[in-house]
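Listed here are the chains, written in short residue letters.
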Amino acid sequence: MPKKKDTDKPQEHTPTKTKQATLEYVPEMKPGELLTFYINNAQFAQSQWDLRIDLNEIQDADVGANVIRATHRVRLHMSWQFAQVFVEVMRRNIESYGKKLEEQFESLQKEEEKKAEQ
């Protein structure tokens, strides 16, 4: 068995800041054929390895019979690591949307106040 060199020792990893990589999509469909679904319901299942999310569209509800009819549209499987990143990006987008909506509401409120003063 060959003798190990000092360079064969595990090196301590020092995190470095790098430029974000460009994500290139490999099309499975022709351009313009991206599947688009309206989703208003989700069901979650988990294991120690991953998370599964079933995305559905509620079609109608029979309140008297306590029945909701939904069409299953998409099933997502993701690692827990990706799920954490996904949730953080989603949280930031929702927060940004909320701030923009609040700014629009405040602007409309000020316009209404000016009209009331006249």
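Only a predicted model underlies this, so the values are computations on that prediction, with no experimental measurement involved.

## Looking at the overall build of the protein chain
Thought 1: Helix and strand counts for the protein chain stand at one helix and three strands.
Thought 2: Mapped from its N terminus to its C terminus, the protein chain presents α and β elements in the order β-β-β-α.
Thought 3: Look at the contacts in the protein chain between residues 6 or more apart in sequence, and 26% of them connect residues 24 or more apart.
Thought 4: Counting only carbon and sulfur atoms, one obtains 54% of the accessible surface of the protein chain, whose full area is about 12,000 Å².

## A closer look at the pairing of strand E3 (residues 67–79)
Thought 1: As judged from the twelve bridges shared by strand E2 (residues 50–62) and E3, these two strands associate in the antiparallel manner. Bridge pairing in E3 places Arg52 opposite His77.
Thought 2: Hairpin geometry of E2 and E3 is characterised by an intervening segment of four residues between the two adjacent antiparallel strands and by a positive phi of about 55° at Asn66.

## As for the pairing of strand E1 (residues 41–46)
Thought 1: In this structure, E1 lies alongside E2, joined through six bridges in antiparallel fashion. Pairing of Ala45 across the sheet is with Arg52, part of E2.
Thought 2: Count of turn residues in the E1/E2 antiparallel hairpin: three residues.

## Digging into unusual backbone geometry
Thought 1: With a phi close to 55°, Asn66 is a non-glycine residue in the positive phi region.
Thought 2: Note that Asn66 resides in the loop between E2 and E3.

Thresholds, definitions, all that
- Residues numbered from 1 in each chain as written.
- Predicted model: local features only at pLDDT ≥ 70, side-chain atom pairs only at ≥ 80, totals over all residues.
- Heavy atoms only, no water.
- Helix = DSSP H or I, 4+ residues; strand = E, 2+ residues; numbered from the N terminus.
- Contact = heavy atoms within 4.5 Å.
- Areas by Shrake-Rupley, 256 points an atom, 1.4 Å probe, with all protein chains shown as cover.
- Pairing = 2+ DSSP bridges.

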